[in-house]
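Below, each chain spelled out in residue letters.
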Amino acid sequence: MNDQRMNCPECDATIKIPDDASVGEIVSCPDCGADFEIASKNGGVCELKHAEKVGEDWGE
Amino acid sequence: MPKVRIVFDRVRLEEKMLEQKAIELGHDTKMIDAKTTQFTTESKKNDYDFGDVVLERCVSYFRGLHFTAALEFLDIPVINSTEVANNCGNKMLTSLLLKKHNVPTPKTYFTFSSEAAVETLEKDGYPLVIKPIIGSWGRGVIPLRDRETADAIIEVRELNDGPLDRIYYLQEVVARPPRDIRAISVGDQLIAAMYRTSTGGGFKTNIALGAEPIVCEITKDLEDICMKASKAVGGGILGIDVMEDEKRGFVVHEVNNTVEFKGLSKVAKKNIPKEMIDYAIGYAKR
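The structure reproduced in this document is the subject of the present report. From a predicted model like this one, the values you see are computed outputs, not experimental measurements.

## Observations regarding the overall build of chain B
Part 1 of the reasoning: Of the regular secondary structure elements, chain B holds nine helices and 13 strands.
Part 2 of the reasoning: Relative to the compact-globule value of 19 Å for 286 residues, chain B shows a C-alpha radius of gyration of 20 Å, a close match.
Part 3 of the reasoning: The buried share of chain B, reckoned over its 286 residues, is 43%.

## Looking at the pairing of strand 3 (residues 53–56) of chain B
All names here are of chain B.
Part 1 of the reasoning: Of the two faces of strand 3, the one carrying Val53 and Leu55 and the one carrying Val54 and Glu56 are both buried.
Part 2 of the reasoning: In the sheet, strand 1 (residues 3–8) pairs with strand 3 via four bridges, with the strands oriented parallel. Considered in strand 3, the bridge of Val4 is made with Val53.
Part 3 of the reasoning: When strand 3 meets strand 4 (residues 78–79), the two strands line up parallel, connected through two bridges. Bridging across to strand 4, Val54 finds its partner in Val78.
Part 4 of the reasoning: Regarding the hand of the β-α-β motif, the stretch spanning strand 3, helix 2 (residues 61–73) and strand 4 is right-handed.

## What to know about the interface of chain B and chain A
Part 1 of the reasoning: On the side of chain A, 11 residues touch chain B, which itself brings 21 residues to the contact.
Part 2 of the reasoning: Going through the elements one at a time, strand 2 (28–33) and helix 2 of chain B are the ones with two or more residues in the side of chain B that touches chain A.
Part 3 of the reasoning: Grouping the amino acids of the side of chain B that touches chain A by side-chain chemistry returns 10 nonpolar, seven polar and four charged.

## Concerning the environment of Phe39 of chain B
Part 1 of the reasoning: Mapped onto the secondary structure, Phe39 of chain B falls in the loop between strand 2 and strand 3.
Part 2 of the reasoning: C-alpha of Phe39 of chain B to C-alpha of Phe67 of chain B: the two residues are 28 residues apart in sequence and 9.1 Å apart in space.

## With respect to the sheet that holds strand 5 (residues 45–50) of chain A
Strand pairing in a sheet relies on backbone hydrogen bonds, with the paired strands running either antiparallel or parallel.
Residues and elements named next belong to chain A.
Part 1 of the reasoning: Taken in spatial order, the three strands line up as 3-4-5 in an open sheet, and their pairing is antiparallel. Pairing within the sheet leaves two strands with one partner each, and these edge strands are strand 3 (26–28) and strand 5. Across this sheet, the average inter-strand angle for adjacent strands is 45°, counted without regard to direction.
Part 2 of the reasoning: Direction of pairing for strand 4 (residues 35–42) relative to strand 5: antiparallel, over a ladder of six bridges. Looking at strand 5, one finds that Phe36 is bridged to His50.

## Considerations on the sheet that holds strand 9 (residues 179–186) of chain B
Residue and element names in this part refer to chain B.
Part 1 of the reasoning: The five strands are arranged 11-10-9-12-13 in an open sheet whose pairing can be described as antiparallel. Because the sheet does not close on itself, it has two edges, and the strands there are strand 11 (212–215) and strand 13 (249–256). Taken over all neighbouring pairs, the strand axes of this sheet differ in orientation by 35° on average, direction set aside.
Part 2 of the reasoning: With eight bridges connecting them, strand 9 and strand 10 (residues 189–197) associate as antiparallel partners. Bridging from a neighbouring strand, Ile184 pairs with Ala192 of strand 10.

Calculation criteria
Residues numbered from 1 in each chain as written. Chains lettered and ligands numbered in written order. Predicted model: local features only at pLDDT ≥ 70, side-chain atom pairs only at ≥ 80, totals over all residues. Helix = DSSP H or I, 4+ residues; strand = E, 2+ residues; numbered from the N terminus. Rg over C-alpha atoms; globule rule 2.2 N^0.38 Å. Buried ≥ 20, exposed ≤ 12 C-beta atoms within 10 Å, placed from the backbone. Pairing = 2+ DSSP bridges. Right-handed = clockwise from strand over helix to strand, strands pointing away. Contact = placed C-beta atoms within 7 Å. Nonpolar A, V, L, I, M, F, W, Y, C, P; charged D, E, K, R; others polar. Axes fitted to C-alpha atoms, helices over the stretch in contact; angles between N-to-C directions.

This is the structure:
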């Protein structure tokens, strides 16, 4: 498995994105803890966007 | 080849399991992000690729509810329906429907002002459990054991002043073992059940809060009450929460619309995603 590595848009640390990660999944920066959603995936190239904050209406 | 679509706003393990199973079963499967989809009053079914059936799996209740309404407007079969999502998403509506359909459920009080809530607590006695009428993962579920706690919680609600904070849902504390049962119904079958034991002697038993899943045998009594509860809210794919009252036996306290099952899938005998996908395909053929 070849994990993709991206720089955290917040703190520039390296974020590993698993090869089998899907669009809509959340990845977290190991340094600053910011959460990002995988917005798109084209081959091995991912685009990240800030993940939504947990809402009051989230859950089952 | 049947076309299955899974609508999400955040992909959790459950959505990945459903997608993978649908693909394994040979269905044309696509994931659709609710956050990037747009509708208008002029939208037509053929403008989209929603396939033969949609499993609505948004983690945001209101997003999922309104997305479902848009899908139904386009005459797309969607699980669960807007009506079921609405019935399950609002604890007050759920309690009323359960009682109306003779499903044993904890005694619950509804008041529409803080003064009336305090009056209920003073009259009927502590403790009662206060729950937000919309919310999940056990958030805001607090046992009110005395006046001091009640005043504090009510004050916080008044400061927040959300429209739903003015509706007070107060439920009896059920005398039960420190666990509850989560069962999953798919159509007219109860496919799996587990005990959820609270961690560290706590009050809440949500898996999202760390409760440990332990397999629960599906007895006829459990199946009967769960299927009655499912019918009461309108049926579909549901997570039914049951407590074991020391005197009354099983009581249903919640029915969940977008059921999470990663905990239960660890202990269930049946393959939960497969049951759900098979049901969806059957639902599309109706």
